[in-house]
Amino acid sequence: MMDRNGLHGIFVPVVTPFGSDGELDQASYANYVMNLLSHPIHGLVINGTTGESPTVRWEEVEVLIRITRDLLDGLHRKIPVIVGTGTNDTASTVDRTEKAARAGADAVLVVVPYYSKPSQEGIFKHFQQVAQVGISVVVYEIPARTGVRLNINTAKRIMELDNVIGIKDSSDHLELVSALSHVGVSVLCGDDLHLHDKLSLGAAGGILASANINTERFIEVYAWARQGDLIKAKEAFDSLVPWIQKLFQESNPAPLKWLLKRQGFISSDQLRLPMSPISVELEDELEQLLSL
Ligand SMILES: O=C(O)C1=N[C@H](C(=O)O)C[C@H](O)C1
């Protein structure tokens, strides 16, 4: 079980590699995660947005958890593994959360229920039921994808629930981090371009797709901010901005998968529909960035 103190630093949300047949590519996944673990990252997130959670089957998530656990055990490395279990159906989210706990997750990442547009009270009750499972819960606010926004008061109520240890804030505004980090809540930035802003306002770190690339530079940004040197943190962060912009120019994780394949970490940049490969224009722009 993780507690609030464990929820800090740079967490890398992993992609789910598929072969050209569209099936889970376990060998690529192991190779790619081994490389991530060569960096001093603070944690991993399986089956997040970057992991294409909408199209990954639960049995596949359990395979990813097992491979990740085996790699960590083999390296005698102890970093938290957070697993995405959120759906827009409370009962199925509770079921996945129970399964993730049994499969070896340290915490679960639970997205604000999307599509249905629940009331704030409905959102609160969703998290109340999930928190009763007993495993640590990280709330995931990403209004651009869910179509619903978590109000600050609702967020504060959810943060008071037993087992809720913090929030991943992928909103593109600063209100949530300002309101929550000042009352001792661990807020992880999930909106890569706002990393420096959110660290400056007290965020405890980030869950950042773009930290799959230039991983150590992201850790440097976090370390400077934690030491209170926001100028050094900004200098390091500025060098990451062109990468972040390109990685989000088309829907995450398509550009990231293309880059990971280009760098030899995974064997294919295959996505599952409706996600589709990046444009030829973006491929050229990424090649240019790689050549600098
Ligand atoms: O998978 C994640 O976790 C993240 N998802 C966000 C998104 O794809 O919109 C971005 C963030 O970097 C991490």
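Residues numbered from 1 in each chain as written. Predicted model: local features only at pLDDT ≥ 70, side-chain atom pairs only at ≥ 80, totals over all residues. Heavy atoms only, no water.

### Details of the packing of helix α4 (residues 120-131) against helix α6 (residues 152-159)
Logical step 1: Viewed as axis vectors pointing N to C, α4 and α6 meet at an angle of 20°, and their least axial separation amounts to 10 Å. If you check the angle between α4 and α6, you find them roughly parallel. Like other packed secondary-structure pairs, α4 and α6 cross with a definite hand, here right-handed. On α6, the residues touching Gln 120, Glu 121, Ile 123, Phe 124 and Phe 127 of α4 are Thr 154, Arg 157 and Ile 158.
Logical step 2: The class makeup of the residues in the contact of α4 with α6 is 4 nonpolar, 2 polar and 2 charged. (Axes fitted to C-alpha atoms, helices over the stretch in contact; angles between N-to-C directions. Helix = DSSP H or I, 4+ residues; strand = E, 2+ residues; numbered from the N terminus. Parallel < 35°, antiparallel > 145°, perpendicular 65-115°, else oblique. Left-handed = near helix turned anticlockwise from the far one by under 90°. Contact = heavy atoms within 4.5 Å. Nonpolar A, V, L, I, M, F, W, Y, C, P; charged D, E, K, R; others polar.)

### Section: the site of the ligand
Logical step 1: Around the ligand, 15 residues are found, and the nearest of them are Thr 50, Lys 168, Asp 192, Ala 209 and Asn 252.
Logical step 2: Tyr 140 is positioned such that a nitrogen or oxygen atom in its side chain is 3.2 Å from a nitrogen atom of the ligand.
Logical step 3: Contacts to the ligand include Arg 145, whose side-chain N or O atom sits 2.9 Å from an oxygen atom.
Logical step 4: Against a free-state accessible area of 330 Å², the protein chains account for coverage of 95% of the ligand.
Logical step 5: Grouping the amino acids of the shell around the ligand by side-chain chemistry returns 7 nonpolar, 5 polar and 3 charged. (Near = heavy atom within 4 Å. Polar contact = N/O pair within 3.5 Å; in protein donor to acceptor, adjacent residues only side chain to side chain. Areas by Shrake-Rupley, 256 points an atom, 1.4 Å probe, with all protein chains shown as cover.)

### Quick notes on the UniProt feature "site: Part of a proton relay during catalysis" (unreviewed entry) in the protein
Logical step 1: The feature "site: Part of a proton relay during catalysis" (unreviewed entry), as annotated in UniProt, sits at Thr 49 and Tyr 115 in this numbering.
Logical step 2: As for its position among the elements, Thr 49 is in the loop between β2 (43-46) and α2 (58-75).
Logical step 3: Once you skip the residues sitting within four places of it in the chain, Thr 49 turns out to touch Tyr 140, Arg 145 and Pro 253.
Logical step 4: Take Tyr 115: it is sitting in the loop between β4 (107-111) and α4.
Logical step 5: Not counting residues up to four positions away in its chain, the partners in contact with Tyr 115 are Asn 88 and Thr 146. (UniProt positions renumbered as here; feature names shortened; annotations may be inferred.)

### Digging into the UniProt feature "active site" (unreviewed entry) in the protein
Logical step 1: Per the UniProt record, "active site" (unreviewed entry) is annotated on Tyr 140 and Lys 168. Spanning 29 residues, the named residues nonetheless gather at one spot, since no C-alpha pair among them exceeds 4.8 Å.
Logical step 2: Note on Tyr 140: relative accessible area 5%, which makes it buried.
Logical step 3: Beyond its immediate stretch of four places on either side in the chain, Tyr 140 contacts Thr 49, Leu 109, Val 110, Val 111, Val 112, Lys 168 and Ser 170.
Logical step 4: Checked against the element boundaries, Lys 168 lands in strand β6 (residues 164-169).
Logical step 5: For Lys 168, a relative accessible area of 6% puts it in the buried group.
Logical step 6: Residues in contact with Lys 168, not counting those within four places in the same chain, are Leu 109, Val 138, Val 139, Tyr 140, Glu 141, Leu 188, Gly 190 and Ile 207. (Buried < 20%, exposed > 50% of the residue type's maximum accessible area, 1.4 Å probe, protein only.)

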